[in-house]
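What follows is the residue order along each chain.
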Amino acid sequence: METVEATGRVDGRTARAERTRAAIVEAHLALISEGDLRPTGERIAERAGISLRTLWTNFKDMETLFEASGAEVLRQQDSAYRPIPPGLPLAKRVDAYCRQRARLLQLVAPSARAAQMREPVSEQLRRNRLKHVDRVREEVEQLFAAELARAGRGREQLLNALMAASMWSTWSMLRDGLGLGVDAARAVMARTVGALLAEVTAD
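Quantities reported herein were computed from a predicted structural model and do not represent experimental measurements.

*Asks:* Could you give an account of the packing of helix H6 (residues 123-143) against helix H8 (residues 155-165), naming the residues involved and the relevant values?
*Replies:* H8 packs onto H6 with a crossing angle of 120° between their chain directions and a minimal axis gap of 10 Å. Put simply, H6 runs oblique to H8. For the crossing formed where H6 meets H8, the hand is right-handed. Taken together, the residues of H8 that come into contact with H6 (itself represented by Val133, Val136, Arg137, Val140 and Glu141) are Arg155, Glu156, Leu159, Asn160, Leu162 and Met163.

Given below as structure tokens:
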């Protein structure tokens, strides 16, 4: 009986700890989405409704919080992602791919902007970004496998060009640098991706 009660207490503490960590991550991402791109521990704790001590009990430093928040952003992306059939005609694949990339990039925009400010001094934020890069690489390789195969020796260069055209840095330039709306920025992306792939399908 004592063992059962002890296990219940441990399970209860674990569940509370998980809820607290989730609340901290939620508060962190909420502040960023509202424009506070460098929220302090004090502001995050206040938003989560906990003490600063509780914050640092659950996360030993900002790097571990960046890791948890990055994982949550990836989870949100996974939830919003919809597989595109690779058997579709090229034009339809390009359109579907760019529509999805635009949607996902808008989803991560606040976090990406915040990460840009701190990545030069954060190894964890760099690792978070590389996870996004790997996911895009995997999608491009699967969705445009036929076209990449036709590129021959130029496969890697074409792959890199397609990725560069559809990553956050380019989207940020279109949206923030050039001031384009979502639809206009997506149209530029589609034109670029389509032109790159047209080079290997024109024969």
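So much for the structure itself; the text now carries on.
*Asks:* Residue-level account of the side chain of Ser166, with values.
*Replies:* Secondary-structure assignment places Ser166 in the loop between H8 and helix H9 (168-177). With residues up to four places along the chain from it excluded, the contact list for Ser166 reads Tyr97, Arg101, Leu105, Val136 and Met189.

*Asks:* Mind laying out the pattern of salt bridges, listing which residues take part and the relevant values?
*Replies:* Enumeration over the complete set of coordinates arrives at eleven salt bridges. A salt bridge links Arg75 to Glu72, with the shortest nitrogen-to-oxygen separation between them at 2.8 Å. In this pair, Arg75 and Glu72 both sit in helix H4 (residues 62-80), three residues apart, roughly one turn of the helix. Judged by relative accessible area, which is 47%, Arg75 ranks as partly exposed. Under the relative-accessibility criterion, Glu72 is labelled partly exposed at 22%. Of the charged contacts in the structure, one is a salt bridge between Glu156 and Arg137, with a shortest N-O distance of 3.5 Å. Highlighted residues: Glu156 in helix H8 and Arg137 in helix H6, separated in sequence by 19 residues. Note on Glu156: relative accessible area 41%, which makes it partly exposed. A relative accessible area of 26% means that Arg137 is categorised as partly exposed.

*Asks:* Can you lay out the nonpolar core for me, pointing to particular residues and giving the numbers?
*Replies:* One broad trend across soluble globular proteins is that nonpolar side chains are buried collectively. By size, the foremost hydrophobic cluster in this structure holds 30 residues, and its most contacted members are Tyr97, Val140, Leu158, Leu162, Trp171 and Val193. Sorting the residues of this core by element identifies helix H5 (90-118), H6, H8, H9 and helix H10 (182-201) as the ones contributing at least two each. The element best represented in this core is H5, accounting for seven residues. Each residue touching Val140, except ones within four places of it in the same chain, is listed here: Tyr97, Ala145, Leu148, Leu159, Leu162 and Met163.

About the cut-offs
Residues numbered from 1 in each chain as written. Predicted model: local features only at pLDDT ≥ 70, side-chain atom pairs only at ≥ 80, totals over all residues. Heavy atoms only, no water. Axes fitted to C-alpha atoms, helices over the stretch in contact; angles between N-to-C directions. Helix = DSSP H or I, 4+ residues; strand = E, 2+ residues; numbered from the N terminus. Parallel < 35°, antiparallel > 145°, perpendicular 65-115°, else oblique. Left-handed = near helix turned anticlockwise from the far one by under 90°. Contact = heavy atoms within 4.5 Å. Salt bridge = Lys/Arg side-chain N within 4 Å of Asp/Glu carboxyl O. Buried < 20%, exposed > 50% of the residue type's maximum accessible area, 1.4 Å probe, protein only. Core = buried A, V, L, I, M, F, W, Y, C linked by side-chain atoms within 4.5 Å.

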